[in-house]
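# Residue-level structural notes
Here is what each chain is made of, one letter per residue.
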Amino acid sequence: MQTSAVTYKIERYTIDQLESKIKTYGKTMSKKKSKKIRKEQAQELSSAEPEHPKLAAEKTAAIASYIKDPDYRLRCKAAIDILMAKFKMINAELSGQKKRTVISQITNRIKSAESIYAKLLKKGLEPDFETARKNLKDLIGIRVVCPFEDELYQVAESLEMQKDIEIVRIKDYIKNPKMSGYRSYHMVYQFHSDKKETYNKNMFIEIQLRTKLQHIWATAVEMMGIYTHSNLKSSQGDEDILRFFTVVSSIFAIQENQPVCPGTSDWLDELLDEMHELDKKHNILKMLEAMKNAAHIIKPKFKNTNGYFLLVLNLEDHNLTITMYKPSEIQIATQVYDTIEARNDPNINAVLVSANSFATVKKAYPNYFVDITDFLNKIKKLYKELETIRQNHKTG
């Protein structure tokens, strides 16, 4: 059950060189399956063939025009600055009492036009900015990470006690975790301007408070979503991979003395067994380590962050090869990806990702490299615990 580190190298091949290199990758799958993969990859990666090209582009662009408006961004910044100052004050006070840092990480973001468009469609609402402003409470977001859950609740309580803070909604996904395994404490704060009531009317900020364990779990889900080309955090994707993260979340919940996720066992040994079987089936930890390394080295190695990267992980020798493609080479990249996949070698895993995917993760999770490393180390420790449990069962 021990996992091996993934080493990596960066290479740039011609098509002929790659064709020659992958001849030994295994048996060819059917032309029908290869064609299906090519079609799916083209839909996901080529901006020339989006799902609803004209409608999506026009409405997303219209939303983006509001988001880019200097006045809107200034109002967002004003609201964010006030809350950031509050958290800085709360952190100083609580950290002084406990003699250690209570807030270990804090980030903020303004929701992107693409995310707004997708969320409105999911809710069955008209995808325009006015509808978003009236119905979405997370156009602005602040994420706070605390070492432990008791400190998290103390931070939340301290924020609620602020006289000039109006909390309009609270959802505790720690005491009531989602089916997906998502656990966090959500608060929605309504911002009011001292000068003009209409200036920031209906401006809300969603505050997410997480423990370190909950945060490294969410980071791993985000990174795995890039690999699988699926929105795992919205429960979209391979059922086994979704189940793996739900099970891991329940294990983390037990370690934090909190309720497990719906539909999972309450027993640690059963959860550890299920986690191991799912990982063994899909090589999830090896995939995460490969993606972590790839994301870490791509940005400093290549100045041009536009384009695509083909990641090929050899599960036998734990070697990761990264090949860069220009935006204009998307068809070539897809062709090479299809050729590798067509060999159907169980020891070879390939993924074609947009460079923007890594940039998005780095923006949302600035410490993603450390967080993914912590997640992997945590799972490795759990494997050792599973070995101990199994050994005790044998001797018992």
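Presented here is an overview of the structure given in this document. (Residues numbered from 1 in each chain as written. Predicted model: local features only at pLDDT ≥ 70, side-chain atom pairs only at ≥ 80, totals over all residues. Heavy atoms only, no water.)

With respect to the secondary-structure elements, Thr 246 resides in helix α9 (residues 239-255). The buried category is assigned to Thr 246, whose relative accessible area is 6%. Not counting residues up to four positions away in its chain, the partners in contact with Thr 246 are Met 179, Ser 180, Gly 181, Cys 261 and Thr 264. (Helix = DSSP H or I, 4+ residues; strand = E, 2+ residues; numbered from the N terminus. Buried < 20%, exposed > 50% of the residue type's maximum accessible area, 1.4 Å probe, protein only. Contact = heavy atoms within 4.5 Å.)

Within the largest apolar cluster, 52 residues are counted, with the highest numbers of intra-cluster contacts made by Phe 245, Met 275 and Phe 375. Counting residues per element, the ones that place at least two in this core are α8 (212-228), α9, α10 (268-282), α11 (284-301), β7 (308-314), β8 (319-325), β9 (348-354) and α14 (368-395). Sort the elements by how many residues they give to this core and α8 lands first, with ten residues. In this structure Phe 245 touches Ser 180, Trp 217, Ala 220, Val 221, Met 224, Leu 232, Ile 284, Leu 288 and Phe 375, once residues within four positions along its chain are discounted. Grouped together as the second largest cluster of nonpolar side chains are 40 residues, Ile 80, Val 155, Tyr 185 and Tyr 189 included. (Core = buried A, V, L, I, M, F, W, Y, C linked by side-chain atoms within 4.5 Å.)

A few words now on the pairing of β7. Looking down a regular strand, the side chains alternate between one sheet face and the other. Here β7 lies mainly inside the structure; seven of its seven residues are buried. By the alternation rule, side chains of β7 split into Tyr 308, Leu 310, Val 312 and Asn 314 and Phe 309, Leu 311 and Leu 313, which are all buried. Pairing between β7 and β8: seven bridges, direction antiparallel. Bridging from a neighbouring strand, Phe 309 pairs with Met 324 of β8. When β7 meets β9, the two strands line up antiparallel, connected through seven bridges. Opposite Leu 313, over in β9, you have Asn 349 as the bridge partner. (Pairing = 2+ DSSP bridges.)

Turning our attention to unusual backbone geometry. With the exception of glycine, most residues fall at negative phi, and the peptide bonds are largely trans. Despite not being glycine, Lys 99 shows a phi value in the positive range, around 65 degrees. Along the chain, Lys 99 falls in the loop between α4 (70-98) and β2 (105-110). Exposure remark for Lys 99: the relative accessible area of 74% places this residue in the exposed category. One non-glycine residue, Asn 283, lies in the positive phi region at around 55 degrees.

Attention now moves to the sheet that holds strand β3 (residues 140-146). Taken in spatial order, the five strands of this open sheet run β2-β3-β6-β5-β4, and their pairing is mixed. At either margin of the open sheet sits one strand with a lone partner, and together these are β2 and β4 (166-172). Strand-to-strand twist in this sheet, taken as the mean axis angle between neighbours without regard to direction, amounts to 20 degrees. Strands β2, β3 and β6 (203-211) of the sheet are contacted by α8, whose axis makes an angle of about 105 degrees with β6. (Axes fitted to C-alpha atoms, helices over the stretch in contact; angles between N-to-C directions.)

A few words now on α8. Compared with an ideal rise of 1.5 Å per residue, which puts 17 residues at 24 Å, α8 spans 24 Å between its outermost C-alpha atoms and is within 8% of the ideal. Within α8, 15 of the 17 residues are buried, leaving the element largely enclosed by the surrounding structure. His 229 sits one or two residues past α8 and shows a positive phi near 55 degrees. (Expected span 1.5 Å × (residues − 1).)

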